[in-house]
Amino acid sequence: MQSDIRHSACPHDCPSTCALEVEVLDGKRIGAVRGAEGNSYTAGVICAKVARYAERIHHPDRLTRPLLRTGPKGSGQYRPISWDEALDRVAEAFTAATERHGAEAVWPYYYSGTMGLVQRDGINRLRHVMRYSRMAKTICTSICEAGWMAGVGRFTGPDPREMARSDLIVMWGGNPVATQVNVMTHIARARKERGAKLVVVDPYRTGTAAVADIHLALRPGTDAALACAVMHVAFRDGYADRDYLARSSDYPAGLEAHLATRSPEWAAAITGLSAEQIEQFARLYCATQRAYIRIGYGFARSRNGAASMHAVTCLPTVMGKWQHEGAGALWSYRSIQNWDKTLIEGLDAIDPATRILDMSRLASILTNNRDALRGGPPVHAMLIQNSNPATVAPDTNRVRQGFLRDDLFVAVHEQFMTETALLADVVLPATMFMEHDDLYQAGGHSHIQIGAKLIEPPGECRPNHAVHQGLAARLGAKHRGFEMSEMEIIDETLSVSGWPDAKTVLEHHWIDIAPTFDDAHFHHGFPQSDKRFHFAPDWRAIGRDWARMPTLPDYMPATDEATTDRPFRMVTAPSRQFLNTCFTETPSSREREGRPTVLLHPADAARLGVSDGSLVRLGNPRGQVVLHARLFDGLQPGVVVAESVWPNAAFEGGIGINALTSDDPAPPMGGAVFHDTAVWVRAEAAEMPLAAE
Ligand code: SF4
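Analysis parameters
Residues numbered from 1 in each chain as written. Predicted model: local features only at pLDDT ≥ 70, side-chain atom pairs only at ≥ 80, totals over all residues. Heavy atoms only, no water. Near = heavy atom within 4 Å. Nonpolar A, V, L, I, M, F, W, Y, C, P; charged D, E, K, R; others polar. Salt bridge = Lys/Arg side-chain N within 4 Å of Asp/Glu carboxyl O. Buried < 20%, exposed > 50% of the residue type's maximum accessible area, 1.4 Å probe, protein only. Pairing = 2+ DSSP bridges. Helix = DSSP H or I, 4+ residues; strand = E, 2+ residues; numbered from the N terminus. Axes fitted to C-alpha atoms, helices over the stretch in contact; angles between N-to-C directions. Contact = heavy atoms within 4.5 Å. Core = buried A, V, L, I, M, F, W, Y, C linked by side-chain atoms within 4.5 Å. Lys, Arg positive; Asp, Glu negative; His and termini not counted. Polar contact = N/O pair within 3.5 Å; in protein donor to acceptor, adjacent residues only side chain to side chain. Parallel < 35°, antiparallel > 145°, perpendicular 65-115°, else oblique. Left-handed = near helix turned anticlockwise from the far one by under 90°. Phe/Tyr/Trp six-rings, centres within 6.5 Å; stacked < 30°, edge-to-face > 60°. Lys NZ or Arg CZ within 6 Å of the ring centre and 35° of its normal.

Participant: So, the site of the ligand: which residues are in play, and what are the values?
Facilitator: Every residue close to the ligand is listed here: Cys10, Cys14, Ser16, Thr17, Cys18, Ile46, Cys47, Val50, Val181, Asn182 and Leu579. Taken together, the residues of the shell around the ligand sort by class into 8 nonpolar, 3 polar and no charged.

Participant: So, the pattern of salt bridges: which residues are in play, and what are the values?
Facilitator: Taken as a whole and assessed by the stated rule, the structure comprises 41 salt bridges. Asp407 is paired through a salt bridge with Arg405; the nearest N and O atoms lie 2.8 Å apart. Among the residues examined, Asp407 registers a relative accessible area of 40% and is labelled partly exposed. According to the relative accessible area criterion, Arg405 is buried, its value standing at 12%. Linked by salt bridges that have partners in common, Arg120, Asp121, Lys341 and Glu345 make up one network.

Participant: Just give me the short version of the sheet that holds strand S9 (residues 197–201), but keep the residues and values in it.
Facilitator: Here 5 strands make up an open sheet; going across it, the order is S10-S9-S8-S11-S12 and the pairing parallel. In the strand order of this sheet, the two ends are held by strand S10 (214–216) and strand S12 (328–330), each with one partner. Along the sheet, successive strands turn relative to each other by an average axial angle of 15°, direction set aside. Strand direction decides the pairing type here: strand S11 (residues 291–295) and S12, joined by 3 bridges, are parallel. Each residue of the ladder has a partner; that of Tyr292, found in S12, is Gly328. With respect to the sheet, helix H10 (residues 223–236) is in contact with strand S8 (168–172), S9 and S10, its orientation differing from that of S8 by roughly 150°. Together, S8, S11 and S12 form the strand contacts of helix H15 (residues 305–318), whose direction differs from that of S11 by roughly 165°.

Participant: Could you give me a rundown of the nonpolar core, with the residues and numbers involved?
Facilitator: Ranked by internal contacts, the top residues of the largest apolar core, which has 137 residues, are Trp172, Tyr285, Met382 and Phe403. With 11 residues, H10 is the single largest residue contributor to this core. In this view, Phe403 contacts Lys73, Leu362, Leu366, Met382, Ile384, Pro389, Ala390, Leu408, Val410, Thr420 and Leu423; residues no more than four positions away in its chain are not counted. If you look at the next biggest cluster of nonpolar residues, it comprises 45 residues, including Ile30, Val616, Val640 and Ala642.

Participant: Tell me about the side chain of Glu419, residues and numbers included.
Facilitator: With respect to the helices, strands and loops of the structure, Glu419 is situated in the loop between strand S15 (409–414) and strand S16 (426–429). It turns out Glu419 is buried and unbridged, and the closest side chain with the opposite charge, Arg400, is 7.5 Å from it. Of note is the side chain of Glu419, whose polar atom sits 2.6 Å from the side chain of Thr391. A polar side-chain atom of Glu419 sits 2.8 Å from the main-chain amide nitrogen of Ala649. Sequence-distant contacts of Glu419, defined by excluding residues within four places in its chain, comprise Asn388, Ala390, Thr391, Pro647, Asn648 and Ala649.

Participant: Now, about the packing of helix H6 (residues 142–151) against H15: what can you tell me, with residues and values included?
Facilitator: Between H6 and H15, the shortest axis-to-axis distance is 7 Å and the interhelical angle comes to 40°. One element, H6, and the other, H15, form an angle in the oblique class. Crossing hand, H6 versus H15: right-handed. The residues of H15 that touch H6, namely those facing Ile143, Cys144, Ala146, Gly147, Trp148, Ala150 and Gly151, are Gly305, Ala306, Met309, His310 and Thr313. Class assignment of the residues belonging to the contact of H6 with H15 gives a composition of 7 nonpolar, 5 polar and no charged.

Participant: Could you give an account of the packing of aromatic side chains, with specific residues and numbers?
Facilitator: To describe a pair of aromatic rings, you give the distance between the ring centres and the angle between the ring planes. A complete count under the given rule lists 16 aromatic pairs for this structure. Pairwise contacts between aromatic rings join Trp148, Trp322, Phe522, Phe526, Phe533 and Phe535 into one cluster. Seen from the ring of Phe155, Arg334 lies directly overhead, with NZ or CZ sitting 5.7 Å from the centre.

Participant: Please give an account of the sheet that holds S16 that cites residues and values.
Facilitator: Taken together, the 6 strands give an open sheet; going across it, the order is S5-S4-S16-S15-S14-S6, and neighbouring strands pair in mixed fashion. The open sheet terminates on both sides in strands that have one partner only, identified here as strand S5 (78–80) and strand S6 (109–110). Taken together, the 4 bridges between S15 and S16 define a ladder with parallel strand orientation. From the neighbouring strand, Glu414 faces S16, where its bridge partner is Pro429. Docked against the sheet, helix H20 (residues 464–475) engages strand S14 (381–385), S15 and S16, running at close to 155° with respect to S14.

Remember that the coordinates give geometry; whether it matters functionally is a separate question.
Now the structure itself:
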C-alpha cells in the first residue's frame, strides 16, 4: 500500500487550528494524523480526537446521498433523491417563502462546524445577494469580543509562543488540556525551563486546573470581582504603574477610588474564594513582571461576561505588564489577518436594510417571538450548514418546538444524521475537510494555512461551496464568487488581503504573520481611536444593550442567580473528547466520555441523598434533564458542571443539557449564556415525565 504524508490544517472550532501531517493511503483513505513538528505553534502536538480522525472520516454512518423526508417531522423517515431534485426543492422552498412573506423569511444559518473561510462563510454570499435575513454570529464569541474590544480595541496581543518565556501563566476561564492542547505545550516549556507557575481560574477542577500550581475555583460568573480585587491590591501595595497608566490608558479620575472599595474581602463574599486565596494570587500576579494571562472563552458565557472580560484585560494595564516579553494577555488573534472577505461573503451585495437575527435566540425566533424577529416576518425557510442547533442552541425544548412547525422548511447540509438533520425536510451530504479545499486562520496563533483536498469524499458528498453554487444557479443569484473554484477564491482573498498567493502558502504549508514585538505589546499605543486602553469603555459604541454595563471595571450582578427554588449554578463546560457535537459520533470518543454526567459536590450530594453514579434530575422553568451524578470535590458546593455537548438522545429521556440553558442575549451585543443557569437538583427516585415545570 502506498503511503504519502500530506499537509493540512485542523478545521474544527478550536483556537489551535493545528498544522497537520496526514498519512494518505493509496490516494483514497487516511491513516495516521499528526501535528506538524515544523510549525512553531503546533510543535508536533495535536489532540487525541483528531489524531484518530480516520475513525471519523471513514465512519460507516457518514451521510452519502441527498435525502427527502417521507414521514412526519422528526420521524427520521427519508428516501434518497438526486442532488438535482434536492437542490430544486430547496430553491423552490426559498422562492415560495420569498413570494409569500418576503426575502427576510429565508434565513441561512451556519456556524463553525468548519472554520475554513470559504466553505464556512460562503453561505453569506448567497444570503447577501438574495437579501435573505442576516445573522448575528453570537453563539460562541460575541460576549468575549465585546469585553475585549471595550478595553483593548482589536483582537491581537502578545504572541502566545511567548508563554514559554513567562514566569507566571494565568489560564483564566479556559481548559486547554481539553480544548486547545497546544497552549499546554508552551506552558510546559515555561515550567520546565524557567520554573514558571501556572494559575487556573475556573469554577471547577478541569484537567488544566488539576496540573496547576494554584486553582482558584470561584463561583461561576464572578470573575470580574476577582480581577477587581487584584487591581485593588496593585494600587494598595504600590504595584500599579501610574506612569504607564497616564501614558497608555484613559486612566479615568475615579478609577483608584472605585477600586479602593473592591477589596479581597469584598471579592471573597462574591466569588466564594477566601480573602487569603485572593491576596495570595494578587501578590503573585503583581510581583511577577513576566505574567501572561491566557484568556479562555468559558468565563464569559454569562450575562455579565463582557464586564468580566473587560475587568480581566484591565489587570496587565494597571501594572504595565503589556510592555514586557512573556507578559500581557491574549484572547484571540483574529484581527491580525486583515481579511478582505468581499469575495467570500459577497460583502459588495449587502443590503444594510436587511434585518439581522441573533443566532443564539433561535428558540425565540423559531417560536415567532416578535422581539427576536426584529419586527419582520417569521422564518419560513432555512439552509443550515456546519451547525447542529437542535442540540447546541440554548433552550432545546423551544428550539425543537420551532423546528417542528409545519410552516417551516428546513434543509440541512451535514456529515452525519445529527439531531438537526433529523428535523429537516431535505438532508444534503457534506464533505469533510480533507475532501475539499479551504483557507484557515487561527484564533490562537499567527499562521495562515490552506487545507487542500487530499482524498475523494464518500458517495455523493459535496462541499458547501458546491451547494452555494447549485442554489445560486437555481435562484438567479449573480455574483462572480459563484463562478469560481474554492482555490481561485482562496488565491484572490489572500492577494487582496495583502498576503502571498495560494501557491506560495501551499509550498510553505503555512505563513506566519505574527505582529512585531512592539505592535503585539502595544508599544505604539492600543488599537483604539485615541491609542489608549479604556478603563471606562464606550459601551454604547459596542452594542445596543449598552446601558446596563458598568462604567468602570466591575462585577456586574446580572447573572441567573441561585435562589431557594433553584439553588445551584450550572456550568456546561466542553468535554475533552467531543468538540461541541463533533466526535459524538465516533465510538472511541463516546467510550472515553462514558455517559452524560453532572459533577456534584459531595456535601450537596449527601444533603440530597445522591450517591456516586446514581441518576439525578436537574430542572428549571425551561425544562428538566436526567443524567448520572459524579461526586466531585473540585468545585464549590452549590455549583454543578455538566461537560458537553452530548446528543439529546444520549440522555435518559432524550432531552439534553441545553433544555436548561437560556436564550437571553448577554449585554451589550448578544451572546449565548451557556454557563449562567440556575437549576434545582433532585435525586431521581422513580420514573418521572420530562415535562417543563
Ligand atoms: S487541538 Fe484543536 S486544532 Fe488541534 S487538532 Fe485538536 S481540535 Fe484540532
